[in-house]
Amino acid sequence: MSRPGWDEYFIEITRLVARRSTCLRRKVGAVLVKDKNILATGYNGAPSGVAHCMDVGCLRERLAIVSGERHELCRGLHAEQNAIIQAAKHGTNIDGSTLYCTTMPCIICSKMIINAGILRIVYEEGYPDQLAEEMIKEAGVGFVRFCDLETRTGENE
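Quantities reported herein were computed from a predicted structural model and do not represent experimental measurements. (Residues numbered from 1 in each chain as written. Predicted model: local features only at pLDDT ≥ 70, side-chain atom pairs only at ≥ 80, totals over all residues. Heavy atoms only, no water.)

Visitor: Sorry if this is basic, but what is going on with unusual backbone geometry here?
Guide: Note: most residues except glycine have negative phi, and most peptide bonds are trans. One non-glycine residue, K36, lies in the positive phi region at around 65°. In this fold, K36 is placed in the loop between β1 (29-34) and β2 (37-43). (Helix = DSSP H or I, 4+ residues; strand = E, 2+ residues; numbered from the N terminus.)

Visitor: Teacher, can you tell me more about the confidence of the model for the protein here?
Guide: Any region with low pLDDT has predicted coordinates that should not be read closely. This prediction gives the protein a mean pLDDT of 91; 95% of its residues lie at or above 70. Considering only residues more than four positions removed or in separate chains, one finds that residues 153-157, a stretch of pLDDT under 50, has 8 contacts. (pLDDT = per-residue confidence, 0-100. Contact = heavy atoms within 4.5 Å.)

Visitor: What should I look at first to understand helix α4 (residues 79-89) in this one?
Guide: Structural remark: α-helix, 3.6 residues per turn; residues separated by three or four positions point the same way. Three or more residues of α4 are buried, namely A79, E80, Q81, N82, A83, I84 and A87. Of the surrounding secondary structure, the elements contacted by the buried residues of α4 are β1, β2, β3 (98-103) and α5 (107-116). Just beyond α4, the residue with positive phi is G91, at close to 70°. (Buried < 20%, exposed > 50% of the residue type's maximum accessible area, 1.4 Å probe, protein only.)

Visitor: Teacher, can you tell me more about the sheet that holds β2 here?
Guide: Two modes of strand pairing occur in sheets, parallel and antiparallel, and in both the strands are linked by backbone hydrogen bonds. A sheet is described by the order of its strands in space; here 5 strands give the open sequence β2-β1-β3-β4-β5, paired in mixed fashion. Two strands in the sheet have a free side with no partner beyond their single neighbour: β2 and β5 (142-145). Each strand of the sheet is rotated relative to its neighbour by a mean of 15°, with strand direction disregarded. Pairing between β1 and β2: 6 bridges, direction antiparallel. Bridge pairing in β2 places K34 opposite N37. (Pairing = 2+ DSSP bridges. Axes fitted to C-alpha atoms, helices over the stretch in contact; angles between N-to-C directions.)

Visitor: For this particular structure, what's the right way to read the packing of α4 against α5?
Guide: Relative placement of two packed helices is described by the angle separating their axes and the distance separating the axes. Here α4 crosses α5 at 30°, and the two axes come no closer than 9 Å. When the axis of α4 is compared with that of α5, the two are roughly parallel. Between α4 and α5 lies a crossing of left-handed hand. On α5, the residues that touch E80, Q81 and I84 of α4 are I108, C109, M112 and I113. (Parallel < 35°, antiparallel > 145°, perpendicular 65-115°, else oblique. Left-handed = near helix turned anticlockwise from the far one by under 90°.)

Visitor: Before we go on, may I ask you to explain the nonpolar core in this structure?
Guide: A general feature of soluble globular proteins is that nonpolar side chains tend to end up buried together. If you look at the biggest cluster of nonpolar residues, it comprises 22 residues, and the most contacted ones within it are L32, I94, L99, I118 and I121. Among the secondary structure elements, those contributing two or more residues to this core are β1, α4, β3, α5 and β4 (120-125). Excluding residues within four positions of it along the chain, I118 makes contact with L32, I84, I94, S97, T98, L99, I113 and V141. (Core = buried A, V, L, I, M, F, W, Y, C linked by side-chain atoms within 4.5 Å.)

Visitor: I tried to follow the packing of α5 against helix α6 (residues 130-139) on my own but got confused; where do I start?
Guide: Two elements in contact, α5 and α6, have axes separated by 8 Å at closest approach and are oriented at 15°. In this view, α5 runs roughly parallel relative to α6, as classed from their interaxial angle. Note that α5 runs across α6; the crossing there is right-handed. Residue-level contacts link I107, S110, K111 and I114 of α5 to L131, A132, M135, I136 and A139 of α6.

Visitor: Please clarify how the pattern of salt bridges should be interpreted in this entry.
Guide: If the charged atoms of two oppositely charged side chains come close together, the side chains can form a pair. This structure, assessed with the given rule, holds 6 salt bridges. Between E72 and R70 there is a salt bridge, and its shortest N-O distance comes to 2.6 Å. You can call E72 exposed: its relative accessible area is 51%. For R70, a relative accessible area of 47% puts it in the partly exposed group. (Salt bridge = Lys/Arg side-chain N within 4 Å of Asp/Glu carboxyl O.)

Set out below in structure tokens:
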């Protein structure tokens, strides 16, 4: 087994973080990294002190809400939001960092990412949100799907 490059290493960590998710629909993990150091992690789930969907059921399922729509109708926070909030809560500067995530961020998370000064996103799975992609491009935030990085050589060491 070969030694993983940095992008692979951090994507693997997002997969582990996602396992903490309490969402019944999609398990997402996020890791904020700067200078090869982990600054914060986040997974999707209900706010601290609030019942988890795995305990009380999924509001989005009950209301038959399609993935990628009506984000406000959910008990949970997204993994990216939780990572940004964790960094803020602990006074960690994430300006200039890279966000590794198991899923491409939605529009709400994308706006937070842009304003937080995150410079790069490496994600594993796509997400049906064209506006998020457009705004990320317009803001000059780099983003790449992890599988596209795997085909390149030398960039991941």
